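Observations on the three-dimensional arrangement
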Amino acid sequence: MADTHEVTNQAPPLVDYDVFSADAALVEGVQRYDAGWAVDDLTALGRRAGTAEAQEWGRLANDYPPKLHTLDRTGHRVDEVEFHPSWHSLTTVAIGAGLHASPWVDPRPGAHVARAAGFSVWSQVEGGHGCPVSMTHAAVPALRADQTLYDEWVPRLTSYSYDFGLRRPQDKAGCLAGMGMTEKQGGSDVRTNTTRAVAQADGTYLLTGHKWFTSAPMCDMFLVLAQAADGLTCFVVPRVLPDGTRNTFRIQRLKDKLGNRSNASSEPEFDNTVAWRLGDEGRGVRTIIEMVMMTRLDCVIGSASLMRACVSQAAHHARHRQAFGGYLVDKPLMRNVLADLAVESEAATALMVRLAAATDRSDDTDEAAFRRLALAVGKYWVSKRGPNVAAEALECLGGNGYVEDFPMARLYREAPLNSIWEGSGNVNALDVLRALAREPQAWEAFRNEVALAGGADARLDRAAARLEQELGDTSEIETRARRLVEQMALVLQGSLLVRHAPAAVADAFCASRLGGDWGHAFGTLPAAVDTEAIVERATPKVA
Ligand SMILES: Cc1cc2nc3c(=O)[nH]c(=O)nc-3n(C[C@H](O)[C@H](O)[C@H](O)COP(=O)(O)OP(=O)(O)OC[C@H]3O[C@@H](n4cnc5c(N)ncnc54)[C@H](O)[C@@H]3O)c2cc1C
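Here we take up the overall build of the chain. Helix and strand counts for the chain come out as 19 helices and 12 strands. Taking 543 residues into account, the globule formula puts the C-alpha radius of gyration at 24 Å, and the chain, at 23 Å, falls close to it. Across the 543 residues that make up the chain, the buried fraction comes to 58%. Relative to all contacts within the chain whose residues are 6 or more apart in sequence, the contacts with residues 24 or more apart total 73%. Element-wise, carbon and sulfur atoms account for 51% of the exposed surface of the chain, whose accessible area totals about 22,200 Å².

If you want it as C-alpha cells, here you go:
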C-alpha cells in the first residue's frame, strides 16, 4: 500500500537510558542510607533495565502468560507451569543481581537499601516476576524459627543461580520460595484456615486441604499455614521430596488476573502432602509474620517503583510530544500535572528507602520500633497511591496511554495489586492501630523521626500537631483508622522531604499534602510551586 502520510510527533520509546541514575531521589537515598558502595552495580542494573531488550522481555512475559499443565499426555499428574522464555530472562537477571538474597549473603550496612534500590530499578521493567523474587527473599527470616530447616534451605534460596524446574532441591543450583496462607473462606483472617495438619511418627506432617491464592507455584518450597493439634501452624512444603518424588501439590487452576499476568497465581490442593513444621504448633501467624514483614516492604518498594516508572513515561512523553504549537512539558497545566505526580513519586521513594534503612538497622531498638509502625503506615499509603498515579500518568500519554502497545496500560493494571495482598488497605490500617495501642515505643520512634524536621516548615509542624491531637482522641478509632494512617504517612513523608529533597519538591509537598492548598485530582498544585524544577528533576535523561 502506498504511504499516505509521514508519521510525526510521536514520542520515541523510553529506552537506552540508565533507570537507576535517572532517578535522582533514589540515587540520593542510596547515598544517604549507607549504600553508596552499591552504586556501580545499581548503575549496571539500571542500564540493563533501560535497554530495549529488557523492556521487550517485560512485554512478552505479559503478552504470553504462563500456561498450566495439570496432566502429561498419558494422563499422569504433573502440575507444572510453563513460562515464556522472557519470564526466565527477567528472573535470571533478578536472581543474578541478588534481588532475592543480597542482604542475607552480604549483610553489611546499607544492604537492604541497596537491595531495595535494585528491586525498584528492575521492577520498572516488569512487576510480575518480582513476586517469587520477593517471596524468596522474605522466606529467610521466617526460616530462622528452625535451625535444621534454615541450614537445609537457606543456602539454596540464597544462591545467585536461577535454576527453573521441579527437581530434587538438593540437586538444583538454586531454589525459590512462595507462600500459601489465603483460603476460600478467608485471606485477611487466616485464623479461619481449614487445611489440616496431622503429625507423623517421623516428625513430618501430612497436610490436607486447599489454598485459594498461592502465587508462583513453580517455586521449590512454600511456607504454608495449616491447623495442627495445637492450632494454626507454619509448615515448609517442598514441591519435590528429598527422594525425588513429587509431593502432592495439585494445581486446580491459575487465576485469570486483572494485571500481574506474567506471574502465575494458583489454587493448589493438598492431599496428604508432606510438610515440615516451622516453629511451634499454634504459632503459625507469629512465624510467618517474619516473611510478611519483608513482603510488605516489597509492596512499598514495588509501588514506589511503579510510580517512578509512570512518572518517567509521562515526563518523557511530554518532553517529546507537541500540541497547540509547543511541547506538552512547556504547557503550564501539563507541568502542574507532571510535577504533582513527581512529588507523589518522590515522597514514595523517600519513605521506601527510609523503611529499607530501618530494616538494615533493626538491631537498634529505636529503629526496630520505628519500622514496626512506619512499615504498616507505608504499606497502606504508598500502595494506595499507585493506582491514582498510574491513572493520571496514563492520561498524560493521551490515547496512546490506553493502548496495550505502550507500557502504561500494563502499569495501570498492575497498580492495585500491592494494596490487596499481604494485608489489604483496611487490614494494614488496623495493624497501625494495633501497633499504636500495644507498642508505645513504636509511636515514640515514629514521632522522633518526624520531629527531626521540626521547625523547618510551619505547615509540617502544624500537621504534626494536628496528628498528635487526632491520635489523642480514641473515640470511633476504627472508623477513623484510614484518616489517621493517611495523616501519619503524609507527616512522615513531609519530614523526610523537608530534610532531604530539593526545596521545590519539599515546598510543593508541604503546600499541597500538608497545607491543604490542593485539589482532589493531580495537577492542582498552587501556582507558586516551582513546577519547572520538579519536572526537570524527574525527567529521565536519554542520550
Ligand atoms: C495477584 C494476587 C496474588 C496473591 N498471591 C498470594 C499468595 O501467594 N499467597 C497467599 O496466601 N495469598 C495470596 N494472595 C491473596 C491475598 O493475600 C488476599 O486476597 C488478601 O490477603 C485479602 O484476602 P481475601 O481475598 O480473602 O479478602 P478478605 O479477607 O475477605 O477481605 C476483603 C476486604 O475486606 C477488608 N477487611 C478484612 N477484614 C476487615 C476488618 N476487620 N475491618 C475492615 N475491613 C476488613 C479487606 O481489607 C479487604 O478490602 C494473592 C492475591 C492476589 C490478588
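Next up on the list: the nonpolar core. If you look at the biggest cluster of nonpolar residues, it comprises 174 residues, and the most contacted ones within it are Trp122 and Phe446. With 17 residues, the top contributor of residues to this core is helix H10 (residues 332–360). Not counting chain neighbours up to four residues away, the residues in contact with Trp122 comprise Leu45, Arg48, Ala49, Ala54, Trp57, Leu90, Val93, Ala94, Leu99 and His129.

Next up on the list: unusual backbone geometry. With a phi angle near 60 degrees, Asp16 is a residue other than glycine that sits in the positive phi range. Structurally, Asp16 can be placed in the segment before helix H1 (24–32). Judged by relative accessible area, Asp16 falls into the exposed class, the value being 55%. The residue Ala216 is not glycine, and still its phi comes out positive at about 50 degrees. Topologically, Ala216 is positioned in the loop between strand E6 (214–215) and strand E7 (221–228).

Moving on: the environment of Tyr162. Relative to the helices and strands, Tyr162 is located in the loop between helix H8 (147–157) and strand E3 (177–180). Of the residues examined, Tyr162 reaches a relative accessible area of 19% and is grouped as buried. In this structure the C-alpha to C-alpha distance between Tyr162 and Leu176, which are 14 residues apart in sequence, comes to 8.4 Å. Discounting chain neighbours no more than four positions away, the residues touching Tyr162 are Trp87, His88, Thr91, Thr92, Ile95 and Leu176. A distance of 2.8 Å separates polar atoms of two side chains, one belonging to Tyr162 and the other to His88.

Here the focus is the packing of aromatic side chains. Applying the stated criterion across every chain, the model contains nine aromatic pairs. With a centroid separation of 5.8 Å and an interplanar angle of 65 degrees, the aromatic rings of Phe249 and Phe270 are classed as edge-to-face. Separated by 21 residues along the polypeptide, Phe249 in the loop between strand E8 (231–238) and strand E9 (250–254) and Phe270 in strand E10 (residues 265–278) bring together distant segments of the chain. Members of the aromatic cluster, each reached through a chain of ring pairs, are Phe83, Trp87, Tyr162 and Phe164. Here Arg156 stacks its cationic end above the ring of Trp153, 4.7 Å away from the centre of that ring.

Another point: the pattern of salt bridges. Overall, the coordinates contain 39 salt bridges when judged by the stated rule. Note that Arg253 and Glu267 form a salt bridge whose closest N and O atoms lie 2.9 Å from each other. Residue Arg253 is located in strand E9, and its partner Glu267 is located in strand E10; the two are separated by 14 residues in the primary sequence. Through salt bridges with shared partners, a single ionic network connects Arg296, Arg372, Asp431, Arg434 and Glu439.

Analysis parameters
Residues numbered from 1 in each chain as written. Predicted model: local features only at pLDDT ≥ 70, side-chain atom pairs only at ≥ 80, totals over all residues. Heavy atoms only, no water. Helix = DSSP H or I, 4+ residues; strand = E, 2+ residues; numbered from the N terminus. Rg over C-alpha atoms; globule rule 2.2 N^0.38 Å. Buried < 20%, exposed > 50% of the residue type's maximum accessible area, 1.4 Å probe, protein only. Contact = heavy atoms within 4.5 Å. Areas by Shrake-Rupley, 256 points an atom, 1.4 Å probe, with all protein chains shown as cover. Core = buried A, V, L, I, M, F, W, Y, C linked by side-chain atoms within 4.5 Å. Polar contact = N/O pair within 3.5 Å; in protein donor to acceptor, adjacent residues only side chain to side chain. Phe/Tyr/Trp six-rings, centres within 6.5 Å; stacked < 30°, edge-to-face > 60°. Lys NZ or Arg CZ within 6 Å of the ring centre and 35° of its normal. Salt bridge = Lys/Arg side-chain N within 4 Å of Asp/Glu carboxyl O.

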